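# Understanding the architecture of this molecule
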Amino acid sequence: MKTKIIIVSQVPLTPQIMRDTYLVEYIDFGYDVSFWDLSRLIHPGLHLCDEITHPCLTKYNSLDELRQSITSYHTIDPIYIFDFDPSWKNNQIFILFKKWNCTCIRIDMYANTHLRSSKVSFLRRLQKVISRNGLKLIKGKINRLSYTIYIKYHLKFSFNRFLSSSCYSNRTDCINHPDYDEYIRTRNIKRDAPKHIVFIDTYYGLHPDAKYFYNIKLNINIDEYHNSLKRFFDYVEHQYGLPVVIAAHPKSNYTKKEYGNREIIKYKTLELIKEAKYVIAQVCNTFSWISLENKPVLLLSNNEYLKSPNMRNGLNALSDFFDCKIQNIDNTPYEDIEFKTIREDKRLQYIYSYLTSPVTENKRNIDILNDLINSISSNKKQLSKQFNSI
């Protein structure tokens, strides 16, 4: 009988999520695969513009529906693969999986979202605490600490295996970042000479995660944010004689000329970086591809962008790690702004800290996952035989 795999997600199925969860690859390997979309339970109201349907997809509207599904599959003991962690917000969901003693795997596919930095001074930490956002930070830490104690000593739930590309995580198994996985599949493809400058769009001010995942409310002027970028892009295009192309965020839904007449391209960020002479970036996971392709980069901000405490902190973390100056295009003369190639030691440190490891750098993620699933399935069968022989 085929091993049953159930991907349990906190977000709707999109082309990006399909890539990151390896849904198609599991099917190609012969597994019986389901995709459970729990977004309506965890993030009510969340809707993404590019949601897709698939024969494997099931959307859940209530805990009772989820309970019935877990119960019905209990006899075949599937392997559940999660793309999110337990928290107070989704605690009732994990109570169900704990009750039925399910085999649960967690795959951290965004291990480069938060960077460790030894350069963060006590003064900066103190500034964060006493800032307008300080109380929220303290509440968040208390919330996470209380849940850590609860899940360890009361619910007593833990994932059977935890896979991550971060060397700083408490992983049981190494895996590559999905960006690294995509990079190694395409690294031998020859490209033409650089033909543009690419801006890595983050869908700032409109990103659904800010509202539904992090409960962030921003008081910003999104039009002024875009106008500031357009003015700077005009200068860059004139100065370097190359067009600025927009690598749109996967969750973006642009409907008008937010970036003027510039080309906005979605789902081709790696290709656009490969073909770029320079990269303009903000706080984003795409520093994975910038580092792997070793492209000169400009760490950009403006006044509207800096209104977000989260973005300020993210910029500082990137600046500290890569030793890269933050350029506020609203306060800095354009002629003083320049692109910078990341130092080789910093580039390699980033790659081997957050994207891959010496153990996995020459392996495909689907092969890593296939070996892991086969190992878990084999152990289950062996335990079943031992139990039946008693």
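Look above for the structure.
Below, the structure is looked at part by part.

Rules behind the numbers
Residues numbered from 1 in each chain as written. Predicted model: local features only at pLDDT ≥ 70, side-chain atom pairs only at ≥ 80, totals over all residues. Heavy atoms only, no water. Core = buried A, V, L, I, M, F, W, Y, C linked by side-chain atoms within 4.5 Å. Buried < 20%, exposed > 50% of the residue type's maximum accessible area, 1.4 Å probe, protein only. Contact = heavy atoms within 4.5 Å. Axes fitted to C-alpha atoms, helices over the stretch in contact; angles between N-to-C directions. Helix = DSSP H or I, 4+ residues; strand = E, 2+ residues; numbered from the N terminus. Parallel < 35°, antiparallel > 145°, perpendicular 65-115°, else oblique. Left-handed = near helix turned anticlockwise from the far one by under 90°. Pairing = 2+ DSSP bridges. Right-handed = clockwise from strand over helix to strand, strands pointing away.

Core analysis: the biggest nonpolar cluster contains 55 residues, and F199, F232, F233, I280 and F287 have the highest contact counts within it. Among all residues touching F287, those that are not within four sequence positions of it are A281, Q282, V297, L299, L318, F322 and Y350. Of all hydrophobic cores here, the second largest spans 30 residues; its members include I17, I105, L369 and I373.

What follows is about the packing of helix α4 (residues 63-73) against helix α5 (residues 91-99). Viewed as axis vectors pointing N to C, α4 and α5 meet at an angle of 20°, and their least axial separation amounts to 10 Å. Compared by their axis directions, α4 and α5 come out roughly parallel. Here α4 runs over α5; the crossing is right-handed. For the pair α4 and α5, contact is made by L63, L66, R67 and I70 and by Q92, I93, L96 and F97, respectively.

Among the six residues in strand β5 (residues 103-108), six count as buried, and that is most of the element. Of the two faces of β5, the one holding T103, I105 and I107 and the one holding C104, R106 and D108 are both buried throughout. Strand direction decides the pairing type here: strand β4 (residues 79-82) and β5, joined by four bridges, are parallel. By the bridge assignment for β5, Y80 is matched with C104. The handedness of the β4 to β5 crossover, carried by α5, is right-handed. As paired elements, β5 and strand β6 (residues 161-164) share four bridges and run parallel to each other. Counted as the bridge partner of I105 is R161 from β6.

All right, on to the sheet that holds strand β12 (residues 297-301) then. With respect to topology, six strands assemble into an open sheet ordered β10-β9-β8-β11-β12-β13, the strand pairing being parallel. What marks the edges here is a single partner per strand, and that holds for β10 (264-266) and β13 (326-328). Neighbour-to-neighbour, the strand axes of the sheet open up by a mean angle of 35°, direction not taken into account. Looking at chain direction, strand β9 (residues 244-248) and β10 are connected through three bridges and run parallel. In the sheet register, A248 faces β10, and the bridge partner there is K266. The strands touched by helix α10 (residues 222-240) within the sheet are β8 (196-200), β9, β11 (276-281) and β12, with β8 carrying the most contacts at an inclination of about 160°.

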